[in-house]
Amino acid sequence: MSLSLSFHSPSFASLGVVRKVLGSIITDTLHPRRGGRLVSFKGCVKFVQTSCRISAPGTLPINDEKASSNILRDKKAVPDADPPSIKDINLLYQFFDKSTKLTVLTGAGISTECGIPDYRSPNGAYSSGFRPITHQEFLRSSRTRRRYWARSYAGWRRFTAAHPSAAHRALATLEKAGRINFMITQNVDRLHHRAGSNPLELHGTVYTVICINCGYSFCRSLFQDQLKALNPKWAEAIENLDRGNPGSEKSFGMKQRPDGDIEIDERFWEEDFIIPTCQKCNGVLKPDVVFFGDNVPKDRADMAMEASKRCDAFLVLGSSVMTMSAFRLVRAAHEAGAATAIVNVGVTRADDFVPLKINARLGEILPRVLDMGSISIPAV
């Protein structure tokens, strides 16, 4: 068994210091008291206010049981990988411990364990024939926009039901402990935010809708309400899908795919699906994301590049960095002299110059790095 404590004192800023201090514990017996725990250290007894738990190294906390069941249901979204070795866990721990100004870049691989598929892994969306929409297609074709919003509307409930994984919470813990200086994510799912982090969203987020004409933006939940009001039969169709009548006339031909996408018979969405327009200028609305073929906004790209060039270590988590917007960041950090490392299942575009590459699932390796430092994932 391992004792896990969350310290909020600056004196425990180093993972190495925490490990040394907790390594001096002579007993793992906890005596409950109201408002805290009595922790016995060599030569002293100290009453410490903590959010503590006892867990076996490498196992998920009790609070992760619900998330684990989601993973099992959506296991096809999770790429296959062997459990991380002790050597790999040690190497990643040392990478965190040696850095003083760490920048982290996360990709779709951190969300696969939440049931959200990635694109390029063996089990990713590309493997099922999925082709992502491009920025140019969305702008020039009203038919493409209807198809996109119909599928997105139908899949929204499942998408928002995803919970942050152990990896998301581990990163939030490391961030709060001062071990991560700056975090960038390619993901648009806001799972980092729900775990307690506040990363720079390189590619935007689907939780915001924006007008491409005037720039007015608003919350996606309000847009969902507008879609429901304009398309009342679709809400009933989604209910039929949830009740197990896929492909029927009542469900508009919708079928849930294993990767979380929704197949919809085009005869239903091509004519019958109505899309709201901007309430300010009657313009075209799109999710506030960077589609394939579009560019990352300059101020956002500049902020990410500055963080990459000024860090002393750059860590890629769950990304193949195949898109130039991500690849250029790790390349810039490497050229600026920062230590670089990648944890990802499968090959990446940066494998040729990044010295430390670990092939592992993030939900398996990151919590074990925290176990080594005796820092727990705070209870939710």
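Residues numbered from 1 in each chain as written. Predicted model: local features only at pLDDT ≥ 70, side-chain atom pairs only at ≥ 80, totals over all residues. Heavy atoms only, no water.

Novice: Run through the packing of aromatic side chains, naming residues and quoting values.
Specialist: Scanning all chains against the criterion turns up 11 aromatic pairs. Each ring, one from F327 and one from F353, has its centre 5.9 Å from the other, and the planes form 65°; the classification is edge-to-face. Here F327 is found in helix α12 (residues 324-335), whereas its partner F353 is found in the loop between β15 (339-343) and β16 (356-358), with 26 residues between them in sequence. Judged by relative accessible area, which is 9%, F327 ranks as buried. Ring pairs connect the aromatic residues F138, Y148, W149, Y216, F218, F223 and F291, which therefore count as one cluster. Residue placement shows R349 over the ring face of F327; its charged tip is 4.5 Å from the ring centre. (Phe/Tyr/Trp six-rings, centres within 6.5 Å; stacked < 30°, edge-to-face > 60°. Helix = DSSP H or I, 4+ residues; strand = E, 2+ residues; numbered from the N terminus. Buried < 20%, exposed > 50% of the residue type's maximum accessible area, 1.4 Å probe, protein only. Lys NZ or Arg CZ within 6 Å of the ring centre and 35° of its normal.)

Novice: Residues and numbers for the sheet that holds strand β6 (residues 102-106), please.
Specialist: Spatially, six strands are ordered β8-β7-β6-β14-β15-β16 in an open sheet, and the strand pairing comes out parallel. Strands at the two margins of the open sheet, each flanked by one partner only, are β8 (200-201) and β16. Where β6 lies against strand β14 (residues 313-317), five bridges are found, and the strand directions are parallel. By the bridge assignment for β14, L105 is matched with V316. Here helix α3 (residues 86-98) sits on the sheet in contact with β6, β14, β15 and β16, set at roughly 135° to β14. Against the sheet, α12 contacts β6, β7 (182-185), β14 and β15, and its axis sits at roughly 150° relative to β14. (Pairing = 2+ DSSP bridges. Contact = heavy atoms within 4.5 Å. Axes fitted to C-alpha atoms, helices over the stretch in contact; angles between N-to-C directions.)

Novice: Could you give an account of the confidence of the model for the chain, with specific residues and numbers?
Specialist: For the chain, mean pLDDT is 76; residues scoring 70 or higher make up 66% of the total. Throughout residues 1-75 the model reports pLDDT below 50, and contacts reaching past four residues in sequence, or to other chains, amount to 112 contacts. (pLDDT = per-residue confidence, 0-100.)

Novice: How would you summarise a positive patch on the surface if you had to cite specific residues and measurements?
Specialist: Side chains of K309, R328, R331 and R349 sit close together on the surface and give a patch of like positive charge. Residue placement: R349 occurs in the loop between β15 and β16. (Patch = residues over 30% accessible without salt bridge, like charges linked within 9 Å, V, L, I, M, F, W, Y side chains within 5 Å. Areas by Shrake-Rupley, 256 points an atom, 1.4 Å probe, with all protein chains shown as cover. Salt bridge = Lys/Arg side-chain N within 4 Å of Asp/Glu carboxyl O. Lys, Arg positive; Asp, Glu negative; His and termini not counted. Charge placed at Lys NZ, Arg CZ, Asp CG, Glu CD.)

Novice: Pulling in residues and values, what's your account of the pairing of β14?
Specialist: Within β14, five of the five residues are buried, leaving the element largely enclosed by the surrounding structure. Judged by which residues are buried, β14 turns out to be covered on both faces: A313, L315 and L317 on one side and F314 and V316 on the other are all buried. The pairing of β14 with β15 spans five bridges and is classified as parallel. From the neighbouring strand, A313 faces β15, where its bridge partner is A339.

Novice: Mind laying out the sheet that holds strand β10 (residues 217-219), listing which residues take part and the relevant values?
Specialist: The sheet built from three strands is open, its strands ordered β10-β9-β13 with antiparallel pairing. If you trace the sheet from one side to the other, it starts and ends with β10 and β13 (285-289), each paired once. Averaged over neighbouring strand pairs, the angle between their axes works out to 40° when direction is ignored. As defined by bridge partners, strand β9 (residues 204-211) adjoins β13 across five bridges and the pair is classed as antiparallel. If you follow V209 over to β13, its bridge partner there is P287. Across the face of the sheet, helix α8 (residues 220-230) comes into contact with β9, β10 and β13 while running at roughly 80° to β10.

Novice: Explain the packing of helix α11 (residues 298-310) against α12 to me, using residue names and the numbers behind them.
Specialist: Where α11 contacts α12, the two axes come as close as 8 Å, and the packing angle between them is 30°. Relative to α12, α11 is oriented roughly parallel. For α11 against α12, the interelement crossing comes out right-handed. Listed contacts from α12 to A301, A304, M305, S308 and K309 of α11 are R328, L329, A332 and A333. For the contact of α11 with α12, the class distribution of residues is six nonpolar, one polar and two charged. (Parallel < 35°, antiparallel > 145°, perpendicular 65-115°, else oblique. Left-handed = near helix turned anticlockwise from the far one by under 90°. Nonpolar A, V, L, I, M, F, W, Y, C, P; charged D, E, K, R; others polar.)

Novice: Go over α3, please, and point to the residues and values.
Specialist: Over its 13 residues, α3 extends 18 Å from the first C-alpha to the last, a length consistent with the 18 Å expected when each residue adds 1.5 Å. For α3, the set of buried residues is D88, I89, L92, Y93, F95 and F96. An end-on view of α3 places all buried positions within 155° of arc, on one side of the element. Counted as exposed and oriented over 90 degrees from the buried face of α3: I86, K87 and K98. (Expected span 1.5 Å × (residues − 1). Arc of directions from axis to C-beta.)

Novice: Please give an account of the pattern of salt bridges that cites residues and values.
Specialist: Within this structure, the stated rule accounts for five salt bridges. Among the salt bridges present, the one from K298 reaches D302, with a minimum N-O distance of 2.7 Å. Placement of the pair is K298 and D302 together in helix α11, with a separation of four residues, close to one helical turn. On the accessibility criterion, K298 (62% relative accessible area) is exposed.

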